[in-house]
Amino acid sequence: MSLPPLVEPAAELTVDEVRRYSRHLIIPDVGMDGQKRLKNAKVLCVGAGGLGSPALMYLAAAGVGTLGIVEFDEVDESNLQRQIIHSQSDIGRSKAESAKDTVLGINPHTTVNLHLERLDSSNVMEIFADYDLIVDGTDNFATRYLVNDACVLLNKPYVWGSIYRFDGQASVFWSEHGPCYRCLYPEPPPPGMVPSCAEGGVLGVLCASIGSIQVNEAIKVLAGIGDPLVGRLMIYDALEMSYRQVKVRKDPDCAVCGENATVTELIDYEAFCGAVSDEAQEAAAGATITPKQLKEWMDDGERLEVIDVREPNEYEIVSIPGAKLIPKDNFLMGSALQDLPQDKKIVLHCKTGVRSAEVLAVLKDAGFADAVHVGGGVIGWVNQIEPDKPVY
């Protein structure tokens, strides 16, 4: 679907800008008019991580006049495998500040606004109001629904992307001209059902593949060229090197953009998505121990069955001494229950405590009343007990 340009063109391009963007200017569909529109555009990128890194770099290189960055996190060594806007010397720095330096190194003509805060219902409307288009580089469902609902309420388009292992997705959501994110995904998946990239991993270069598609779509919407991914979901399989598209229709019963919308203001998105299910929270109440407590039990010779519910590749990176690997899915399917000892206290752990809490709920329901799990997981163990071990 062809759409009108989102922004008006700037008054002029300087001589330096003409030289810089010459390869754009000689493309008939872009030309001087399109480049002036990019110069006049204000684009906000939510996140300066895997998707935000290539998105910010290519938006700057393309000549977008004003870039906003919403980011509260700091650069960690594990980020560098995919978050190419940061470098080794940036470890420990604000991601937003690091991203700003890289953006200005690419294009000093770009104005960069930093929003050094976590995006939530209290600030999203004020932050979004100053921008023409939003690029969503987030990696959690609560923020995705927050971004979507704010954009619908403000009538702003946003370019969405998602990555996991070797798979990526991208689309343009703009309720004035097509569906929104809730039309595609009316409800978030059950807590713990979809692993995060931190749990399941992501091929680093996949971020560039999807991030560059997001920028491509942003340019088309801003300049009013081509056929943006409004009403279409692009699905990319890096292992098969295949692209396919799925039509996404506007849902007349959508809770936020439908004819009789029930979501007319922002809600509690953490509660809506729920990182941990109610059952897991209930099971963990009074049955959560610290890594130090586990170490004390081990040293005292307690009869324990320490079970690691992560995946085999995670177990190979780092593990708690003596822990037995039984992945979470084995418990969810019930196959692991019959082999659990009845004469030992079951101690579960995962990376941070989310997956082990979900498994704990299964065990409690199966009659293992004294089972516990380790709050903070193997990351907490390394930080408190064996700091020389690697973390991921």
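Residues numbered from 1 in each chain as written. Predicted model: local features only at pLDDT ≥ 70, side-chain atom pairs only at ≥ 80, totals over all residues. Heavy atoms only, no water.

## Examining the packing of helix α4 (residues 52-62) against helix α5 (residues 95-106)
Packed helix pairs are characterised by how far apart their axes lie and by the angle those axes make with each other. Between α4 and α5, whose axes approach to 9 Å, the crossing angle comes to 30 degrees. On the basis of the axis angle, α4 is roughly parallel to α5. As for the relative orientation of α4 and α5, their crossing is right-handed in sense. Here α4 contributes L56, M57, A60 and A61 to the contact with α5, which in turn contributes A99, T102, V103 and I106. Across the contact of α4 with α5, the residue classes tally to 7 nonpolar, 1 polar and no charged. (Axes fitted to C-alpha atoms, helices over the stretch in contact; angles between N-to-C directions. Helix = DSSP H or I, 4+ residues; strand = E, 2+ residues; numbered from the N terminus. Parallel < 35°, antiparallel > 145°, perpendicular 65-115°, else oblique. Left-handed = near helix turned anticlockwise from the far one by under 90°. Contact = heavy atoms within 4.5 Å. Nonpolar A, V, L, I, M, F, W, Y, C, P; charged D, E, K, R; others polar.)

## A short note on the sheet that holds strand β11 (residues 324-325)
If you trace the 5 strands from one edge of the open sheet to the other, you get β9-β13-β12-β10-β11, paired in parallel fashion. Edge positions in the sheet fall to β9 (288-289) and β11, since each of these pairs with one other strand and no more. Taken together, the 2 bridges between strand β12 (residues 345-349) and strand β13 (residues 372-374) define a ladder with parallel strand orientation. Opposite V347, over in β13, you have V372 as the bridge partner. The sheet strands contacting helix α16 (residues 354-365) are β12 and β13, and the helix crosses β12 at an angle near 150 degrees. (Pairing = 2+ DSSP bridges.)

## Some details on unusual backbone geometry
Positive phi is not limited to glycine here, since N155 has a value of about 55 degrees. Structurally, N155 can be placed in the loop between α7 (141-154) and β5 (158-164). For R165, which is not a glycine, the phi torsion comes out positive at approximately 55 degrees. Among the secondary structure elements, R165 is positioned in the loop between β5 and β6 (167-173). Under the relative-accessibility criterion, R165 is labelled partly exposed at 36%. (Buried < 20%, exposed > 50% of the residue type's maximum accessible area, 1.4 Å probe, protein only.)

## Overview of the packing of aromatic side chains
Under the defined criterion, the tally for this structure stands at 9 aromatic pairs. Plain terms: the ring middles of W160 and F173 are 5.9 Å apart, the flat faces sit at 50 degrees to each other, and that makes the pair tilted. In this pair, W160 sits in strand β5 while F173 sits in strand β6, placing the two residues 13 residues apart along the sequence. Of the residues examined, W160 reaches a relative accessible area of 1% and is grouped as buried. Among the residues examined, F173 registers a relative accessible area of 2% and is labelled buried. Taken together, Y145, Y158, W160, F173, Y181, Y185 and F272 form an aromatic cluster joined through their ring pairs. The ring of F141 carries R144 above its face, with NZ or CZ at 5.2 Å from the centroid. Above the ring of Y392, the side-chain terminus of K351 is found at 4.2 Å from the ring centroid. (Phe/Tyr/Trp six-rings, centres within 6.5 Å; stacked < 30°, edge-to-face > 60°. Lys NZ or Arg CZ within 6 Å of the ring centre and 35° of its normal.)

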